[in-house]
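Residue strings, one per chain:
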Amino acid sequence: MALANHLDELQRKHGDIERQIDEAMTHPSVDDLEIVMLKRRKLAIKDEMEKLRHTTH
């Protein structure tokens, strides 16, 4: 059950970062580096979710 909770939390964080990226993209004053860093965090979370999914199967 803890694994499922961890995956849920990662999915929530992934969605939160996606919204932050979308919001940042609509503001021209946002630094491109900030967007790149958000995208890297989002990818790292996605990679972690995939790794956890594969270890459960």
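Residues numbered from 1 in each chain as written. Predicted model: local features only at pLDDT ≥ 70, side-chain atom pairs only at ≥ 80, totals over all residues. Heavy atoms only, no water.

Asks: Any chance you could explain the overall build of the protein chain here in plain terms?
Replies: A tally of helices and strands in the protein chain yields two helices and zero strands. Over its C-alpha trace the protein chain gives a radius of gyration of 13 Å, far above what one expects of a compact globule, namely 10 Å for 57 residues. Referenced to the eigenvectors of the C-alpha coordinate spread, the extents of the protein chain come out at roughly 45 × 15 × 10 Å. For the protein chain, with 57 residues in total, the buried portion stands at 23%. In the protein chain, the proportion of contacts linking residues at least 24 apart, taken out of those at least 6 apart, comes to 69%. Surface exposure of the protein chain reaches about 4,500 Å², of which carbon and sulfur atoms provide 56%. Computing the positive centroid from 10 side-chain charges and the negative centroid from 12, the protein chain places the two 4 Å apart. (Helix = DSSP H or I, 4+ residues; strand = E, 2+ residues; numbered from the N terminus. Rg over C-alpha atoms; globule rule 2.2 N^0.38 Å. Buried < 20%, exposed > 50% of the residue type's maximum accessible area, 1.4 Å probe, protein only. Contact = heavy atoms within 4.5 Å. Areas by Shrake-Rupley, 256 points an atom, 1.4 Å probe, with all protein chains shown as cover. Lys, Arg positive; Asp, Glu negative; His and termini not counted. Charge placed at Lys NZ, Arg CZ, Asp CG, Glu CD.)

Asks: Please clarify how helix α1 (residues 2-26) should be interpreted in this entry.
Replies: Each full turn of the α-helix corresponds to 3.6 residues, which orients residues three or four apart in the same direction. Across its 25 residues, α1 extends 37 Å between first and last C-alpha, which sits within 8% of the 36 Å expected from 1.5 Å per residue. Residues Leu7, Leu10, His14, Gly15, Ile17, Ile21 and Ala24 constitute the buried set of α1. Tucked inside the fold, the buried residues of α1 contact α2 (32-56). (Expected span 1.5 Å × (residues − 1).)

Asks: What is the right way to look at the pattern of salt bridges in this model?
Replies: Opposite charge on two side chains permits pairing when their charged atoms draw close. Scanning the model with the defined rule gives five salt bridges in all. The closest approach of N and O atoms between Arg12 and Glu9, which form a salt bridge, is 2.5 Å. Note that Arg12 and Glu9 are positioned in helix α1 at a spacing of three residues, about one turn of the helix. Overall, Glu9 belongs to the partly exposed group, its relative accessible area being 32%. (Salt bridge = Lys/Arg side-chain N within 4 Å of Asp/Glu carboxyl O.)

Asks: Hey, could you run me through a nonpolar patch on the surface in this one?
Replies: A contiguous nonpolar surface patch, about 270 Å² in accessible area, is contributed by Leu33, Val36 and Met37. For Val36, the position within the fold is in helix α2. (Patch = residues over 30% accessible without salt bridge, like charges linked within 9 Å, V, L, I, M, F, W, Y side chains within 5 Å.)

Asks: Explanation requested: the nonpolar core in the structure shown.
Replies: One broad rule of soluble globular proteins: the nonpolar side chains tend to lie buried together. Of all hydrophobic cores here, the largest spans eight residues; its members are Leu7, Leu10, Ile17, Ile21, Leu38, Ile45, Met49 and Leu52. Elements with a minimum of two residues in this core: α1 and α2. (Core = buried A, V, L, I, M, F, W, Y, C linked by side-chain atoms within 4.5 Å.)

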